[in-house]
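Single-letter residue listing:
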Amino acid sequence: MVRIYADSTNDLGPELIARTGVQIIPLYVTIGDTTGRDGVEITPDGIYEWANKTKQTPKTAAFPPKDVEPFIKDAKAVGDDIIFIGISEEMSATCNVFRLAAQQQEYEDHTFVVDSRNLSTGIGLIILEAARLRDEGKSAAEIVEGLKTYIDRSRASFVIDTLVYLARGGRCSTVTALLASTLKIKPKIVVEKGAMHVANLLFEADGTGYLEVGEAIDLGRAQEFGIELFQTLALVQAVVDAADVLQLVQEP
């Protein structure tokens, strides 16, 4: 039998997790003086409530080997193979922690650690594919081999709706956050080669959707979308600022 484990950064909902039989090992989140497990003692709603009240940002950390040991012991007791799928190793130490725990339990020969090179729903899709291959009767080695091309084809991207939380965490200046809010600029983040970076900046044009900032700066396009000249000129400075300071957290 093959057991699939994953860390809590995959953002799969409870129903999908229950349906696939994947077991989740939570990371740790610290808010103020309180530290708890992601999605267990500390939830996203709780984080937002605390952050909005205190104007601070949480801290996160990978789980320690002792949290992994019970999962490995359970599999070892019945001789099951293990596949662990974790957030990109460029962003967190969860994959390395799982490897270490497997070595400590002398079960590394039956443990396969998969670096998803991704995060959030990007990991979730890889987990679902692993569960599908398992249900087809594939061995752990066959599943891991099948995931290689799937990982290469998986893409994750998202648009940050507000820079408030990045500013609070020191990831961009308050001035840049205010400017971005005033001019309706939103950075698009993509995950490539296991790391996050700002792909481009989007301008929210009233009633017309989003434009890339480069398009908005063009005066012809600016007039077409009803962007005032002073906004257009300010966008130029916004591009320079945002490209320099939007360095996202690399260690969850």
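Residues numbered from 1 in each chain as written. Predicted model: local features only at pLDDT ≥ 70, side-chain atom pairs only at ≥ 80, totals over all residues. Heavy atoms only, no water.

Draft legend 1. Structural view of helix H6 (residues 140-153). Across its 14 residues, H6 extends 20 Å between first and last C-alpha, which sits within 8% of the 20 Å expected from 1.5 Å per residue. The sharpest bend along H6 measures roughly 30° and falls at Leu147. Residues of H6 that are buried include every one of Ala140, Ile143, Val144, Leu147 and Ile151, and no others. Each element contacted by the buried residues of H6 is listed here: strand E1 (2-7), strand E6 (81-86), strand E7 (111-115) and helix H5 (121-135). (Helix = DSSP H or I, 4+ residues; strand = E, 2+ residues; numbered from the N terminus. Expected span 1.5 Å × (residues − 1). Bend = angle between axes of the 7 residues up to and from the residue. Buried < 20%, exposed > 50% of the residue type's maximum accessible area, 1.4 Å probe, protein only. Contact = heavy atoms within 4.5 Å.)

Draft legend 2. Summary view of the pattern of salt bridges. In total, this model carries 10 salt bridges according to the counting rule given. For Arg117, the salt bridge is made with Glu90, and the minimal N-O distance between the two is 3.9 Å. On the criterion of sequence distance, the pair formed by Arg117 in the loop between E7 and H5 and Glu90 in the loop between E6 and helix H4 (94-104) is long-range, its members being 27 residues apart. Arg117 sits in the partly exposed class, given a relative accessible area of 31%. The residue Arg132 makes a salt bridge to Glu136 at a minimum N-O spacing of 2.5 Å. Assessed through its relative accessible area of 39%, Arg132 is described here as partly exposed. Note on Glu136: relative accessible area 48%, which makes it partly exposed. Each member of the salt-bridge network shares a partner with another, and the members are Glu129, Arg132 and Glu136. (Salt bridge = Lys/Arg side-chain N within 4 Å of Asp/Glu carboxyl O.)

Draft legend 3. View of the sheet that holds E1. Strands sit in the order E2-E1-E6-E7 across an open sheet of four strands; the sheet is parallel. A strand with exactly one partner marks an edge of an open sheet, and here the two such strands are strand E2 (23-25) and E7. Shown here is a sheet whose adjacent strand axes are inclined to one another by a mean of 25°, direction ignored. Relative to E6, E1 runs parallel, the two sharing five bridges. Directly across from Tyr5, in E6, lies its bridge partner Phe84. Relative to E1, helix H3 (residues 65-78) is tilted by about 175°, and along the sheet it contacts E1, E2 and E6. Here H6 sits on the sheet in contact with E1, E6 and E7, set at roughly 5° to E7. (Pairing = 2+ DSSP bridges. Axes fitted to C-alpha atoms, helices over the stretch in contact; angles between N-to-C directions.)

Draft legend 4. Region of interest: the packing of aromatic side chains. Inspection of every chain in the model, using the stated rule, returns four aromatic pairs. Here the aromatic rings of Tyr5 and Phe71 are separated by 5.3 Å at their centres, their planes lie at 70°, and the arrangement is edge-to-face. Taken together, the residues Tyr5 in strand E1 and Phe71 in helix H3 connect sequence positions 66 residues apart. Note on accessibility: Tyr5 and Phe71 belong to one class, buried. When the ring of Phe63 is compared with that of Phe84, the centres are 6.2 Å apart and the planes differ by 85°; the resulting orientation is edge-to-face. (Phe/Tyr/Trp six-rings, centres within 6.5 Å; stacked < 30°, edge-to-face > 60°.)

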